[in-house]
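# A closer look at the structure
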Amino acid sequence: MFLFSQETKLKVDVDKRVADIGDQVQLIIVVENATKRPQIRLPVLSDFELMNPDPFTSQQTSIINGSMSQSLTMTYVLQPKREGELIIPAFKIELSGKTYETQPIKVKILRNTEKEKEVANFAFLTNTVSSSSPVINEEVTVTTKLFLRQDVQVYNNSISFGNEPHIQGVWQ
């Protein structure tokens, strides 16, 4: 026999209140003992770019001495667009037939010049040529190697450099 007498609770917060420019901030919504998934209406986030329109979710169920409790955690990842004191505006969450409104959340984004220098030096390229003085119609192989700093991650096995240059007469 399980007891469902636990009251529904809602918690909204961020993982950090102070971050460096270039860092991501997680908006975390935790719902405890809800019978349904909440409906979230995020506001326009003028100071942040929303990295995942659908939140990352995790669920947990605990049964202790016959009493069951559940929690659902939803996480949105936000990328600050500028430095300064930024605000995640208040927004509404519908949960178990009630509408809740959050408080605005302030996040201070700092300019970290050391970090900017570090981020700027995350990769470099080297080129080697098979022959430094080729003759006419000789095949020449150019090998380009991309070196990434150890803590840089590549997603989906792809890296894009934007508009790659086109060199006339060179096979691509």
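Above this text sits the structure in question.
Below is a short write-up of the structure. On a predicted model such as this, the values are computed, not experimentally measured, just so you know.

Let us look at the environment of Ile29. Within the secondary structure layout, Ile29 lies in strand 3 (residues 25-32). For Ile29, a relative accessible area of 0% puts it in the buried group. Spatially, the C-alpha atoms of Ile29 and Asp13 are 6.7 Å apart, while their sequence positions differ by 16 residues. Beyond its immediate sequence surroundings of up to four residues, Ile29 is in contact with Leu10, Lys11, Val12, Ile40, Leu72, Thr73, Met74, Tyr76, Phe91 and Ile93.

What follows concerns the nonpolar core. By size, the foremost hydrophobic cluster in this structure holds 21 residues, and its most contacted members are Val14, Leu27, Ile29, Phe48, Ile88 and Val107. Mapped onto this core, the elements with two or more residues apiece are strand 3, strand 7 (67-80), strand 8 (84-88), strand 9 (92-95) and strand 11 (105-110). Excluding residues within four positions of it along the chain, Phe48 makes contact with Leu78, Gln79, Pro80, Lys81, Leu86, Ile87, Ile88 and Val107.

If you trace the three strands from one edge of the open sheet to the other, you get 2-11-8, paired in mixed fashion. Strand pairing shows two members of the sheet lacking a second neighbour, strand 2 (18-20) and strand 8, which therefore form its edges. The average undirected angle you get between the axes of adjacent strands in this sheet is 35 degrees. Bridge count for strand 2 against strand 11 is three bridges, and the pairing is parallel. The partner of Ala19 across the bridge, within strand 11, is Ile109.

The subject of this paragraph is unusual backbone geometry. Phi is positive for Asn33, close to 60 degrees, though the residue is something other than glycine. Locating Asn33 in the fold gives a position in the loop between strand 3 and strand 4 (39-41).

Glancing now at the environment of Lys145. Take Lys145: it is sitting in strand 13 (residues 142-148). Given the relative accessible area of 47%, Lys145 is considered partly exposed. Distance from Lys145 to Thr128, taken between C-alpha atoms, is 8.6 Å for residues 17 residues apart in sequence. Aside from chain neighbours lying at most four places away, what touches Lys145 is Phe124, Leu125 and Thr126.

To continue, consider the sheet that holds strand 10 (residues 98-101). What the three strands build is an open sheet, ordered 4-9-10; its pairing is antiparallel. Single-partner strands in this sheet number two, and they are strand 4 and strand 10. Along the sheet, successive strands turn relative to each other by an average axial angle of 20 degrees, direction set aside. In terms of strand pairing, strand 4 meets strand 9 through three bridges, oriented antiparallel. If you follow Gln39 over to strand 9, its bridge partner there is Glu94.

Turning to its location among the elements, Gln79 is positioned in strand 7. Of note is the side chain of Gln79, whose polar atom sits 3.4 Å from the backbone oxygen of Asp23. A polar contact is formed between the side chain of Gln79 and the side chain of Gln24, at a distance of 3.3 Å. Every residue in contact with Gln79, bar those within four places of it in the chain, is listed here: Gly22, Asp23, Gln24, Asp47, Phe48, Glu49 and Met51.

Reading guide: rules and limits
- The numbering scheme is per chain: residues are counted from 1 as the chain's sequence reads.
- Note on the predicted model: pLDDT of at least 70 is required for a residue's local features to be given, and 80 or more for side-chain atom pairs to be given and counted; whole-chain, interface and lining totals, by contrast, use all residues.
- To get the side-chain values, take all heavy atoms of the structure and skip hydrogens and water.
- Segments assigned H or I by DSSP are reported as helices when at least four residues long, segments assigned E as strands when at least two residues long, and all are numbered from the N terminus.
- Buried, partly exposed and exposed residues are distinguished by accessible area as a fraction of the type maximum, computed with a 1.4 Å probe on protein chains only: under 20%, between the cut-offs, and over 50%, respectively.
- By the convention used here, residues are in contact when the closest approach between their heavy atoms is within 4.5 Å.
- We define a nonpolar core as any set of buried Ala, Val, Leu, Ile, Met, Phe, Trp, Tyr and Cys residues linked to one another through side-chain atoms lying within 4.5 Å.
- Strands are labelled as partners when DSSP assigns at least two bridges between them.
- Fitting a line to C-alpha atoms yields each axis, with helices limited to the stretch in contact; the angle taken between N-to-C directions then spans 0 to 180 degrees.
- Throughout this description, a polar contact denotes any pair of N or O atoms lying within 3.5 Å of each other; where both atoms belong to protein, one of them has to be capable of donating a hydrogen while the other can accept it, and for residues adjacent in sequence the pair is counted only when both atoms sit in side chains.

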